[in-house]
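# Structural features, examined
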Amino acid sequence: MPPACIRIIRTLPTPADLFRGAADEFMRLGRELIAQHGRFAVALSGGLTPRALYSLLAQDYADFTWSRTFLFFGDERHVPPDHPDSNYRMVNQALLSKVPIPAGNVFRVRAENPDAAAAAAEYEATLREFFHLSANEVPTFDLILLGLGPDGHTASLFPGSDGLREQSRLVIANWVEKFKTHRISFTFRVLNHATDVMFLVSGSDKSDMVQEILGGQHEPPYPAQLVQPEGRLIWMLDEGAAGKLSP
Ligand code: 6PG
């Protein structure tokens, strides 16, 4: 039984405080890792919630050592990079186009490939090359950012989807029945091998699921409950999202 990860739950009063707290933690970790190892390898999350964090990083931390920061995507929608649903597009608009990060430090999923499985396999090869992995090795991200869906999904690992049972691959094309599409997603092998994982959850519409995830066991476990990284599991919540947690 792998050692239990260190679970930290931080509740900030407002969404603005939440994103400020997350930005400060991102920066603190980044400076520490770059000082120690000369680089900061991060997987970003998509969806709506993290956009405000990325904008804050661009606004207040343009002088950060972006040249030693390497950005990946924990999941991507099966669309081209200029599509409104593209996580890359959102991150590019909010952050990448505004900070001096070398293009070679940003590793997007080439989700324009009509063959989602091929796009996933290519992204896995990109991970293996960047982290110099041998066949059975798993990458260790310094930080993986994750969001939480109202159904308990995280990255693009949805309840009842095949991706929950993946034991060998690092990146998969996961069929999401409710959206009738594939999503390209990291598997739990990668998520649970990270040094730190930070969930960023805002708003009362997520409070029921936050309470379910943090407050108890569920059978089968929600995908977000299966995230148990090697190091720290940081839940960054605003009071809306934490509204149903018992004090
Ligand atoms: C995605 C995300 C996904 C997201 C949750 C929460 O590509 O959509 O990676 O896992 O984090 O769906 O999304 P919101 O932040 O939009 O509520």
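Check the entry above for the structure.
One structure accompanies this document, and this report is about it. (Residues numbered from 1 in each chain as written. Predicted model: local features only at pLDDT ≥ 70, side-chain atom pairs only at ≥ 80, totals over all residues. Heavy atoms only, no water.)

Let us now look at the site of the ligand. Taken together, 14 residues lie around the ligand, and Thr49, Asp75, Arg77, His153 and Ala155 are the ones closest in. Residue Asp75 places a side-chain N or O atom 2.7 Å away from an oxygen atom belonging to the ligand. One nitrogen or oxygen atom from the side chain of His153 is found 2.7 Å from an oxygen atom belonging to the ligand. When the free accessible area of the ligand is taken as 410 Å², the share hidden by the protein chains comes to 88%. (Near = heavy atom within 4 Å. Polar contact = N/O pair within 3.5 Å; in protein donor to acceptor, adjacent residues only side chain to side chain. Areas by Shrake-Rupley, 256 points an atom, 1.4 Å probe, with all protein chains shown as cover.)

Right, let's get into the nonpolar core. Core analysis: the biggest nonpolar cluster contains 84 residues, and Tyr54, Leu57, Phe72, Phe141, Ile144, Phe186 and Trp235 have the highest contact counts within it. When residues in this core are grouped by element, the largest group, nine residues, is from helix 1 (residues 15-37). Residues within four places of Ile144 in sequence aside, it is in contact with Ala43, Phe186, Val190, Leu191, Ala194, Asp196, Val197 and Met198. (Core = buried A, V, L, I, M, F, W, Y, C linked by side-chain atoms within 4.5 Å. Buried < 20%, exposed > 50% of the residue type's maximum accessible area, 1.4 Å probe, protein only. Helix = DSSP H or I, 4+ residues; strand = E, 2+ residues; numbered from the N terminus. Contact = heavy atoms within 4.5 Å.)

Note on aromatic pairs: each is described by the distance of the centres and the angle between the planes. Under the defined criterion, the tally for this structure stands at 17 aromatic pairs. For the pair Phe72 and Phe131, a centre-to-centre distance of 6.0 Å together with 35° between the ring planes defines the contact as tilted. Here the residue Phe72 occupies a position in strand 3 (residues 69-73), and Phe131 occupies one in the loop between helix 4 (116-130) and strand 5 (143-146), the gap between them amounting to 59 residues. A residue is classified by how much of its surface remains accessible, and Phe72, at 0% relative accessible area, is buried. Exposure remark for Phe131: the relative accessible area of 11% places this residue in the buried category. A connected cluster of aromatic rings, assembled from ring pairs, spans Phe70, Phe72, Phe107, Tyr123, Phe130, Phe131, Phe141 and Phe186. One residue, Arg108, lies across the ring of Tyr88, its end atom 5.7 Å from the ring centre. (Phe/Tyr/Trp six-rings, centres within 6.5 Å; stacked < 30°, edge-to-face > 60°. Lys NZ or Arg CZ within 6 Å of the ring centre and 35° of its normal.)

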